Amino acid sequence: MIFKVLYQPDEKQTPRRETTLSLYLEADTEVEARGLVEDNTDYAIEFVEPLQGEHLKYEQDSSNFKLTEFNNK
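Bear in mind the structure is a predicted one, so any value in this text is a computation, not a measurement.

Caption draft 1: Local environment of the packing of aromatic side chains. What the rule picks out here adds up to two aromatic pairs. Aromatic side chains Tyr 24 and Phe 65 sit 4.7 Å apart centroid to centroid with 50° between the ring planes, which places their arrangement in the tilted category. Of this pair, Tyr 24 sits in strand E2 (residues 21–26) while Phe 65 sits in the segment after helix H2 (53–60), placing them 41 residues apart in sequence.

So this is what it looks like as structure tokens:
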């Protein structure tokens, strides 16, 4: 399944819409997706959203859509 992760690039940064970024990744569960980001970055995760159906197609059609792959540490 594809997940969209909304995050702040600095884990100590207070969440603000103006500084929120997003990434897309493939994982089996939301817990796994969150773990991949937490284990490989210093990002402050705001929200993890599963994408499927029309919502996934909409996101894939966006110019910002690119799957992030993390190397296992």
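Caption draft 2: Inspection of helix H1 (residues 30–40) at higher detail. Among all positions of H1, only Ala 33, Gly 35 and Val 37 are buried. Packing partners of the buried residues in H1 comprise strand E1 (2–8), E2 and strand E3 (44–51).

Caption draft 3: Highlighting a negative patch on the surface. Taken together, the side chains of Glu 26, Asp 28, Glu 32 and Glu 69 present a region of like negative charge at the surface. Assignment of secondary structure puts Asp 28 in the loop between E2 and H1.

Calculation rules
Residues numbered from 1 in each chain as written. Predicted model: local features only at pLDDT ≥ 70, side-chain atom pairs only at ≥ 80, totals over all residues. Heavy atoms only, no water. Phe/Tyr/Trp six-rings, centres within 6.5 Å; stacked < 30°, edge-to-face > 60°. Helix = DSSP H or I, 4+ residues; strand = E, 2+ residues; numbered from the N terminus. Buried < 20%, exposed > 50% of the residue type's maximum accessible area, 1.4 Å probe, protein only. Contact = heavy atoms within 4.5 Å. Patch = residues over 30% accessible without salt bridge, like charges linked within 9 Å, V, L, I, M, F, W, Y side chains within 5 Å. Areas by Shrake-Rupley, 256 points an atom, 1.4 Å probe, with all protein chains shown as cover. Salt bridge = Lys/Arg side-chain N within 4 Å of Asp/Glu carboxyl O. Lys, Arg positive; Asp, Glu negative; His and termini not counted. Charge placed at Lys NZ, Arg CZ, Asp CG, Glu CD.

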